[in-house]
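Here is how the chains run, residue by residue.
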Amino acid sequence: MDMFINFLVAAVLAGASLLYGTVGEIINQKSGHLNLGVEGMMAIGACAGFMAGYRFDSLVIAIIAAFLSGAAAALIYAVLTVTFMADQNVTGLTLTIFGCGLSNFIGEYNITRSETGNLKLPEHIMSQLRNIHIPVLSDIPVVGKLFFSYNIFIYLGAIIAIIVYIYLFKTKTGLNLRTIGENPAAADAVGIHVVRSKYINLLIGGGICGIGGAYCSMIVCGGVWMSDSVNGMGWISVALVIFAAWSPLKAIGGSLVFGAFSVLKYYMPKSVITLPNAFYDMLPFVITALILVITSVRKNKGRMQPASCGVNYFREER
Amino acid sequence: MAENSEIKSSDYAIECKEITKTFGTVVANDHVDLSVKYGEILALLGENGSGKTTLMNMLSGIYHPDSGSINVLGKHAVINSPADSIALGIGMIHQHFKLVEAFSALDNIIAGTPGKLKKRSALREDISAISEKLGLNVDLNKKIYNMSVSEKQTVEILKVLYRGAKILILDEPTAVLTPQETEKLFDMLRIMRSEGCAIIIITHKLNEVMAISDRVTILRKGQSVETVLTAETNEKKLTELMVGKPVSLSIERPEPIDPKPLLNVYHLSVDKPDGTVALEDVTFDIYSGEILGVAGVAGSGQKELCETIAGLNGIRSGAVLYNKENIIGKTAKEIIELGISMSFVPEDRLGMGLASSMGMTGNMMLKSYSKSKGPFIDKKPARELAERLIKELDIKTPSTEIPVRMLSGGNVQKVLLGREIESAPSLLITAYPVRGLDINSSYTIYGLLNEQKKKGVAVLFIGEDLDVLLELSDKIMVLCHGRVTGIVDAKTVTKEQLGLMMTGSTAEEVLGNG
Amino acid sequence: MAEQAVQNREKFRIRISKRAEVGTKKAVLFRAISVAAAIIAGGLFILCIGYNPFSVYGTIIKGAFSTSMAFQATVKVMIPLLISSLGVTLAFKMKFWNIGAEGQIIAGAICASYFALFHADLPHFLLMIIMFAAGIIGGGLYGLIPAFFKAKFGTNETLFTLMLNYIALYVIVWLRDGAWADPESGGFPKIARFVSNAQLDKVGGIQVGWIIGLILTVIVFIYLKYTKHGYEISVVSESHATARYAGMNPKKIMLRTMFFSGAVCGIAGMVQATGSDMTLATSVAGGVGFTAIIVAWLAQLEPIAILIVSFLFSVLEKGSSVMQSTFGLSTYCADVLQGIILFFVLAGEFFIRYKFVVNGKERN
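Keep in mind that what you see is a predicted model, and the values were worked out from it rather than measured. (Residues numbered from 1 in each chain as written. Chains lettered and ligands numbered in written order. Predicted model: local features only at pLDDT ≥ 70, side-chain atom pairs only at ≥ 80, totals over all residues. Heavy atoms only, no water.)

**Q** In this structure, what is going on with the confidence of the model for chain C? I would like to understand it.
**A** Note that predicted coordinates carrying low pLDDT should not be read in detail. Residues and elements named next belong to chain C. The share of residues in chain C with pLDDT of 70 or more is 94%, and the mean pLDDT across the chain is 89. Note that residues 1-11 has pLDDT below 50 and, in this model, 13 contacts with residues that lie over four places away or in other chains. Here the prediction assigns the complex a pTM of 0.88, and the interface score ipTM is 0.88. (pLDDT = per-residue confidence, 0-100. Contact = heavy atoms within 4.5 Å.)

See the structure below:
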């Protein structure tokens, strides 16, 4: 039983970066942009968050830096695809190559300039990154461990997912955004500011991805800078959007499931089955591939990608 | 123009002066003038490509004029975006509906309106109030993808009225409606006129201009040639203004020579990829030397009928006999290889009939490229054919290698039809061959079809303009929801009778009742 | 009131409008301008991190060309990039978003490595032929998987091929840690070095892959431009409906083309493993599959242009490695510069198709 609770907790921790990436990408796709740059935006957020935390020793500044830098990366994407109407696939891929390269570059650049040969977050911020402890609540057996004893990123992620859900599905602005994602010409014809709205939402999505990146570099790597800390999470996030059927709420469940797959190797009792580690590492990607196939087999009009996703909008197109 | 001196300009809801708009090197609008008053229906008449939609898109903020001015209620107005246009009380119903398929009618209507999201019940009441006044009926919870064309149009109208539009622009609203639905739309427009709305209706159908409008502004090649009072004109005069020269409005209909059954379709049932019925128990014959017209509301199974005969679709049951040989189950390639000379001019010219980024040469070998021996393609005969067609059909293109999507609609159709006729078919299937063409190009196409008919070719003609179907075809088959509601003699049937059959009445009911 | 607001906005306003078709010469000029702008922007980046852009760029050029050793190394970098760019071009010509070159390179490398590791006693020439064929088949079949699901169910190939990249990568890890582990590595996870009989020959001091790459460039050029297959690919890329209308079987063409696309990438993997790495490493693809997509796109899917662009990218890549020893800058710098160049070229494409209009007056 303890083992199982530990497994669930580990799954939550492993899935958190996916949640940020997925929610960010959902906003992107709802505005009609299939952004393949999630990995890059997360990498840039990872770097900015870590470096800001390293320099200023403040979690708040780190998170803000991660958000802003993710948004800045998204701004490159937005300028190219919204204003310059560049191919979304190529732009997204480039953003990933650029973002990962920049992130690693800045990381190594700072390492070579550090005295110790590595970068370690200062003590104060490390204490802020530790699991929270709420009196009484955190002490309840099982429940306390399962719900009230995580680091701050976990709660922030869940709150962001819920807010984004309300924003997308319960407000007029969200309805307008979804209209853009489905049919930008229809949105434009009813007076919705398509370009402005796309910019704002791509930036917000990018910012959320950036925080997800900061989670990777600051929590997953245990406070020591490592290259490639995002390590494919951005790509899984893109796929998880489909699994979550473009709903931020389902993304919470989805990231938990995927988190579980990625930590399975540590919790699978050796007596049940012994498989090579590589197999477990491969599992999230295999599952994602399977989900892609399954969703394409069951074509469901309610569970479809926003119709204009991947297609740039030009008002005077004839 | 003369009336300008009598009426103060502030009486006009909208007044456009000297509007010019160019796309690249194409001048779409060239110093166009247009005005409409409140409580008036203005028809904007012009051929395809004369710049009607471009002009209206500038009123709705989609395009921005290069020069010229727009006055709304006598005041200079700058319309930079659809939001500006809506703020001025202008509402446009586009020919290609601007609706979100995955949303409900309600979400489509309220999207983009200012203010917070109200409760569904309150919104529903607001909208019902508008629709009841005009006698409109729509299920607000219904998803757009489940709607018929006329339901979608109703949603579009509600959308602009909900925003409080007092100036209404309708772009070819009747193109997709049956005669009966058209009448209903016109009744509604008359109610709105009596309530003081200014209405601009774009059309190229003369009888509708005469039926609904108070005044007519005619555009020709991007220029506004004249504005006349409807009461003081007639269809013949309007046509001359529209085309720029006198044209005979009648289409030639030569008698079929020695018709013999060529293609028999027996109890054909076809499903769409999503499992819904496309065609149900369709039976008919096509004779050589005859034009069989097909009428029906858009999406009644016309597309599937053509594609099935051409061997592009699988079927549920039935048979298609070509010279008594069943061609069902054969692929398009096998049908071509069997020597069955059948040509198919699909409705989606650039998306199906042609490869739009290729030049004429590349498109000429689309169906014949595999005939040459060896792994390599032979472009020479294709280029020669392209050059010949350019001469024979007077196709306007800078070269045989310019992508065909750069050509005008009429020339694209000539490329497609020319290639198909060149293969000397005995059966020619054409779907909406004159869609988007101007009158002269349309008559060229009718001429080409009649030429084929005289050669003994059987022609299956899918049309949308009932007037043309009535004049060109020998027989007309009417489709409704994938079923044949009747096959009638084109010389005796009336437009209203076709309209009833298009909405489900059978030929016996319609003709029996007279 | 609304009108007033509208009028105020009239004062300064930029709009985008479509350009009349631009000639080839002008298009090339626009692209040259964007590349120049990119190099300047890259220079600014270098300046920002405290180095002299001229000396850094100079070092890159020198690092790639100064000695014959350096030049050979540059070509060595170019070989897999050129070949896999040609591979993805086949798929992209069909508008099939094969992001899976990385995985197909690995699949080809794994299959070829099997023979290098376990059948190294075969006659050298025969072994080379077998390994070459194994690379083709491995990469080809791996490319066939997404094509099959796309044809059958319409599965999104972009994401699917992406997942296959990671799956392939972990297959190497699995082999390295298990069945193919080098018993003499002393616990260090790696696969044994290929014996010399299983290593690709050298021509002119560089592994024979450069000749394979040049031959493939010509083959792909002819295949796309002059064969029926090439014609079919361009029709399918236009529209599946048009292809069906013309009597083609778009699904069959998709499967065939993706097999070839994967096969060419598989060759890249085989050549890299047996000619450069002399073993099967997890880094056999090492991001080349992604860079290849960018090379192919930059070269507008023209094989001859791919030859040039992949060479330039290799110069950047090889030159950057010298930057590490000279300036202590990490090789990731190359990725950053690549990204910057591409951002500018992407933006430059816009000016070929559109122009900005300020208050009715045209500006470029």
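Structure's up, so let's keep going.
**Q** How should the pattern of salt bridges be read in this particular structure?
**A** A side chain with one charge may pair with a side chain of the opposite charge, provided their charged atoms come close. Residues and elements named next belong to chain C. The tally for this structure, following the rule as stated, stands at 37 salt bridges over all chains. For the salt bridge of K190 with D182, the shortest nitrogen-to-oxygen distance reads 3.3 Å. Residue K190 is classed as partly exposed on the basis of its relative accessible area of 34%. Overall, D182 belongs to the buried group, its relative accessible area being 12%. (Salt bridge = Lys/Arg side-chain N within 4 Å of Asp/Glu carboxyl O. Buried < 20%, exposed > 50% of the residue type's maximum accessible area, 1.4 Å probe, protein only.)

**Q** What's the story with helix α4 (residues 88-112) of chain A in this structure? I'm lost.
**A** Given 3.6 residues per turn, any residue in an α-helix points the same way as the ones three and four places further on. Residues and elements named next belong to chain A. With 25 residues, α4 ought to run about 36 Å at 1.5 Å a step, and its terminal C-alpha atoms sit 36 Å apart, in line with that. Most of α4 sits out of view: 19 of its 25 residues are buried. Two or three places before N89, at the start of α4, stands the capping residue D87, its side-chain oxygen 2.9 Å from that residue's backbone nitrogen. (Helix = DSSP H or I, 4+ residues; strand = E, 2+ residues; numbered from the N terminus. Expected span 1.5 Å × (residues − 1). Polar contact = N/O pair within 3.5 Å; in protein donor to acceptor, adjacent residues only side chain to side chain.)

**Q** In this structure, what is going on with the interface of chain C and chain A? I would like to understand it.
**A** Accessible area lost during the coming together of the parts is what is often quoted as the interface size. The interface is formed by 47 residues belonging to chain C together with 47 residues belonging to chain A. At the boundary of chain C with chain A, total buried surface from both sides reaches about 4,400 Å², with 78% on carbon and sulfur atoms. The interface formed by chain C and chain A holds zero salt bridges in total. At the junction of chain C and chain A, the tally comes to four residue pairs in polar contact (both at pLDDT 80 or more). If you list the elements that add at least two residues to the side of chain C that touches chain A, you get β1 (14-18), α6 (124-153), α7 (157-177), α12 (288-298), α14 (332-353) and β4 (354-358) of chain C. If you tally residues by element for the side of chain C that touches chain A, the top one is α14 of chain C, at 14 residues. For the side of chain C that touches chain A, the class distribution of residues is 35 nonpolar, nine polar and three charged. (Buried area = accessible area lost by both parts, 1.4 Å probe. Nonpolar A, V, L, I, M, F, W, Y, C, P; charged D, E, K, R; others polar.)

**Q** Looking at this structure, how should I read the packing of aromatic side chains?
**A** Each aromatic ring pair is characterised by the separation of its centres together with the angle its planes make. Inspection of every chain in the model, using the stated rule, returns 44 aromatic pairs over all chains. With a centroid separation of 5.6 Å and 50° between ring planes, the pair formed by F7 of chain A and Y267 of chain A is classed as tilted. Here Y267 of chain A lies in helix α12 (residues 248-267) and F7 of chain A lies in helix α1 (residues 2-30), a separation of 260 residues in the sequence. When its relative accessible area of 14% is taken as the criterion, F7 of chain A is described as buried. Ring geometry for F153 of chain A versus Y215 of chain A: centroids 5.6 Å apart, planes at 75°, classification edge-to-face. With F153 of chain A in helix α7 (residues 152-170) and Y215 of chain A in helix α10 (residues 194-220), this residue pair connects regions lying 62 residues apart in the sequence. The class of Y215 of chain A is buried, set by a relative accessible area of 1%. Through a chain of ring-to-ring contacts, three or more aromatic side chains come together here, namely F84 and F314 of chain A together with F350, F351, Y354 and F356 of chain C. Seen from the ring of F56 of chain A, R55 of chain A lies directly overhead, with NZ or CZ sitting 5.5 Å from the centre. The ring of Y109 of chain A carries R113 of chain A above its face, with NZ or CZ at 3.8 Å from the centroid. (Phe/Tyr/Trp six-rings, centres within 6.5 Å; stacked < 30°, edge-to-face > 60°. Lys NZ or Arg CZ within 6 Å of the ring centre and 35° of its normal.)

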